[in-house]
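Here is what each chain is made of, one letter per residue.
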Amino acid sequence: MSQVNSKIKVAVLYGGRSGEHEVSLQSAASVVKYLDSNKFEVVPIGIDKEGQWHLNDLKQMTCDASLKALPLTTKGSALLPSPGDVAKQAHGSEPLPREYKLFDVVFPVMHGTFCEDGTLQGLLELADAPYVGSAVLASAIAMDKDIAKRLIAAAGIKIVPFSTIKIGAWNNNPAEFTQWIGQEFGFPVFVKPANTGSSVGVQKVKRAEELFAAITEAFLYDTKILIEKALTVREIELSVLENSNYGKPALVSVAGEVIPKHEFYSYEAKYLDANGAQLVIPASISAEKMQEAQTLAAQIFDLLECEGMARIDFFMEKETGELYFNEANTIPGFTNISMYPKLWE
C-alpha cells in the first residue's frame, strides 16, 4: 500500500449554521495545521451558513503559520451528508475498496447549535460514519446549560443559583418575570441563551431597566434562556481527554484561569479583542484547590457521559474559594488563543 493510502483520512468538518461559524473556521485552521501529515490525510469539508456541505481542496489552501481561518469554498457541486463513499456501490454486498472512500473518520471542528448539540452526531451515527468526540447524548446535554446544571447539581456539585425562562411564557407576561427576577436574584445577573457557546448572546445586567432588552436579545438565539446570579468569581478551566487505555480514568490538565479585560469573558473578549483576556496557566491557586478542580472535572466528564475530549469550566468564588460548575464544552475551541490546547501545551 502506498504511503498516501496508509494514512488515516480525516474529514475535518467545519463552518456550520450556528452563531459560532467564524470561530469554527479559526479552530479548523489550527487543526489542519497541526495534524501530523505523516499519519493523517486531511479532507476539508465545509458547511456554509445555509447548511450546504462543500468538499474543499486542501492543496489550494495556504496552511502555514499565517492562516487564521480555514477558507470555505462554495464553488462546484455541494455534497450531501452521506456515509462518505464517493463511488457508487458497484460491488454488491462487498465492502467498497478503501481508495474510493472519501474519509475514514470525521473530526467535527464545529461549535454551537447544529454542530455541537448532538444533531450532527446523530447524522453521523445514522450514516455509520466514525467521528471524534462525544456521542449524541453527551453532546445534547452539555449544550443545554439548564439540563447540564441540573444533572451536575443532582450529583452534589455546586452550581451558581439560576432559573430558566421559555419564550412563550416570557411573551405572555414579561413584566411579571422582570419583577420576579429582581426579587429572586437582585442585580447584577447574567442573561444567557441556554444553547449557545462562546458567550454568544450573553449579557451582564446591572439594573432592572436593562433587563427587558437583554432578555429580548437572548431570545434571538434560543427559545430558552437562563437568568443566573452574578457572583464575584474567578474563571477556572480544565481540559479533559479520554484515556487511550479504554476504561481507565480520563486525563485532566492543570487548571488555567481566564482574566477578562472586559466586564466578563464575552464573545468580543474571546475573539474580537486581541487583548481581551489574560490566560494564566497554571492558575494561581493552591495545590489542594488544583487537585479538587481536577477531580471535579474528571467526575463531570463521566457524569455527562462525555467521550474523546471536553473542556470543563468552573467559577471560583473569590471570597470563599468555592468551586461552582459553569459548563462543559464537548468540542472546545482550537484557535490560537483557545484554552483547551494551551492547557495541554
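You'll find the structure just up there.
We now turn to the structure provided with this report. (Residues numbered from 1 in each chain as written. Predicted model: local features only at pLDDT ≥ 70, side-chain atom pairs only at ≥ 80, totals over all residues. Heavy atoms only, no water.)

1. Structural notes on empty space enclosed by the protein
Over the atoms rolls a probe the size of a water molecule, and its path tells where empty space is left. Our working definition: Points on a 1 Å grid over protein atoms alone make up a cavity when a 1.4 Å probe fits among them but cannot get out, and a pocket when they form an open set with protein on both sides within 12 Å along at least five of seven lines; lining residues each have an atom within 4 Å of a point. Grid points are joined across faces, edges and corners, and a volume is the space filled by probe spheres set on the points. The numbering of helices and of strands both runs from the N terminus, where a helix is a DSSP run of H or I of at least 4 residues and a strand a run of E of at least 2.
By the definition in use, this model includes one cavity of 30 Å³ or more. Together, 11 residues line the largest cavity, and Glu116, Ala142, Met143, Ala328 and Asn329 are the ones closest to its centre. Of all the elements in the fold, those that place two or more residues in the lining of the largest cavity are helix 4 (136–143) and strand 14 (323–329).

2. Brief notes about helix 2 (residues 21–34)
Residues lying three or four places apart along an α-helix face the same way, a consequence of the helix completing one turn every 3.6 residues. Keep this limit in mind: Each helix should span, by expectation, one fewer than its residue count multiplied by 1.5 Å. A 1.4 Å probe rolled over the protein chains alone gives each residue an accessible area, and that area as a share of the maximum for its type sets the label: buried under 20%, exposed over 50%, partly exposed in between.
Its 14 residues give helix 2 an end-to-end C-alpha distance of 20 Å, which sits within 8% of 20 Å, the value for a rise of 1.5 Å per residue. Across the 14 residues that make up helix 2, a large majority, 10, are buried.

3. Re the packing of helix 4 against helix 5 (residues 145–154)
Test applied: An axis is simply a line fitted to the C-alpha atoms; with a helix, the fit covers only the stretch in contact. Between two such axes, the angle follows the N-to-C directions and lies from 0 to 180 degrees. By definition in this entry, angles of less than 35 degrees are roughly parallel, angles greater than 145 are roughly antiparallel, angles of 65 to 115 are roughly perpendicular, and the rest are oblique. Contact between two residues is taken to exist if any of their heavy atoms lie within 4.5 Å; hydrogens are not considered. Note on residue classes: Ala, Val, Leu, Ile, Met, Phe, Trp, Tyr, Cys and Pro are nonpolar, Asp, Glu, Lys and Arg are charged, and everything else, Gly too, is polar.
Packing of helix 4 against helix 5 brings their axes to within 5 Å, and their N-to-C directions diverge by 100 degrees. Put simply, helix 4 runs roughly perpendicular to helix 5. For the pair helix 4 and helix 5, the contacting residues are Ile141, Ala142 and Met143 in the first and Lys145, Ile147, Ala148 and Leu151 in the second. For the contact of helix 4 with helix 5, the class distribution of residues is six nonpolar, no polar and one charged.

4. Focus: the sheet that holds strand 8 (residues 224–229)
Using the following cut-off: One bridge is not enough; two strands pair if DSSP finds at least two bridges between them.
Strands sit in the order 5-8-6-7 across an open sheet of four strands; the sheet is antiparallel. The open sheet terminates on both sides in strands that have one partner only, identified here as strand 5 (162–166) and strand 7 (203–205). Within this sheet the neighbouring strands show an average axis-to-axis angle of 25 degrees, counted without direction. Relative to strand 8, strand 6 (residues 189–193) runs antiparallel, the two being bridged by five bridges. Within strand 8, the position partnered with Pro193 by the bridge is Ile225.

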